[in-house]
Amino acid sequence: MTDHYNLQAFPDAYAVRKKNGVKILYGVEVNLVNDGTPVVYNLRDQVLESAEYVIFDVETTGLSAVYDSIIELAAVKMRDGEVVASFDEFIDPERPLSAFTTQLTKHHQRNGPWCQEGS
């Protein structure tokens, strides 16, 4: 299933999957910026294996920018194909995580402070 420009169908698809025992392969096509707005400066043709760059990961309690919260920020700095630095910070959402969020992200709360499963 691919949703175009948003993820609004994913929660409904998840409910249908649960009810009917169907495995869903999720995908999304998104436009992050206006094509006329530059997002890369000092652009150069460079092979990633020899480049230096940062990969970001953000985990949230859901898909709404209004009602949901960020629960993890992570980054990995790459240089010459090797990890040279990393950052991983869990953020307390100040409310219980839903079973869906816990299952999807493997994060859960234990007596207030929460952590990643297995830690």
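As a reminder, the structure under discussion sits directly above these lines.
Scoring rules and cut-offs
Residues numbered from 1 in each chain as written. Predicted model: local features only at pLDDT ≥ 70, side-chain atom pairs only at ≥ 80, totals over all residues. Heavy atoms only, no water. Helix = DSSP H or I, 4+ residues; strand = E, 2+ residues; numbered from the N terminus. Buried < 20%, exposed > 50% of the residue type's maximum accessible area, 1.4 Å probe, protein only. Contact = heavy atoms within 4.5 Å. Pairing = 2+ DSSP bridges. Arc of directions from axis to C-beta. Patch = residues over 30% accessible without salt bridge, like charges linked within 9 Å, V, L, I, M, F, W, Y side chains within 5 Å. Areas by Shrake-Rupley, 256 points an atom, 1.4 Å probe, with all protein chains shown as cover. Salt bridge = Lys/Arg side-chain N within 4 Å of Asp/Glu carboxyl O.

**Quick notes on the environment of Gly62**
And then number 1: If you trace the backbone, Gly62 turns up in the loop between β3 (52–60) and β4 (70–79).
And then number 2: Between the C-alpha atom of Gly62 and that of Pro11, which follows or precedes it by 51 residues, the distance is 9.5 Å.

**Regarding the side chain of Glu72**
And then number 1: Of note, Glu72 is situated in strand β4.
And then number 2: Glu72 gets classed as buried once you look at its relative accessible area, which sits at 7%.
And then number 3: Once residues lying within four places of it in the same chain are set aside, the contact partners of Glu72 are Asp57, Val58, Glu59, Asp88, Glu89, Phe90, Ile91 and His107.

**Quick look at the pairing of strand β5 (residues 82–90)**
When a strand is regular, its side chains alternate between the sheet's two faces.
And then number 1: Where β4 and β5 come together, 8 bridges link them in antiparallel fashion. The residue bridging Arg79 from the neighbouring strand is Glu82, located in β5.
And then number 2: The antiparallel pairing of β4 with β5 creates a hairpin that spans 2 residues between the two strands, and Asp80 there sits at a positive phi of about 55 degrees.

**A short note on helix α1 (residues 10–20)**
And then number 1: For α1, every residue scored as buried is listed here: Phe10, Ala13 and Tyr14. For α1, the arc enclosing every buried residue in end-on projection is 105 degrees, short of the 170-degree limit, so these residues lie on one face. Residues of α1 that are exposed and point over 90 degrees away from its buried face: Asp12 and Lys19.
And then number 2: Downstream of α1 by one or two residues, Gly21 has phi in the positive range, about 65 degrees.

**Notes on a nonpolar patch on the surface**
And then number 1: A cluster of nonpolar side chains, contributed by Val58, Ile70, Leu73 and Phe87, occupies part of the molecular surface with about 330 Å² of accessible area.
And then number 2: With respect to the helices and strands, Val58 occurs in strand β3.
And then number 3: Taking relative accessible area as the criterion, Val58 reaches 44% and is therefore assigned partly exposed.

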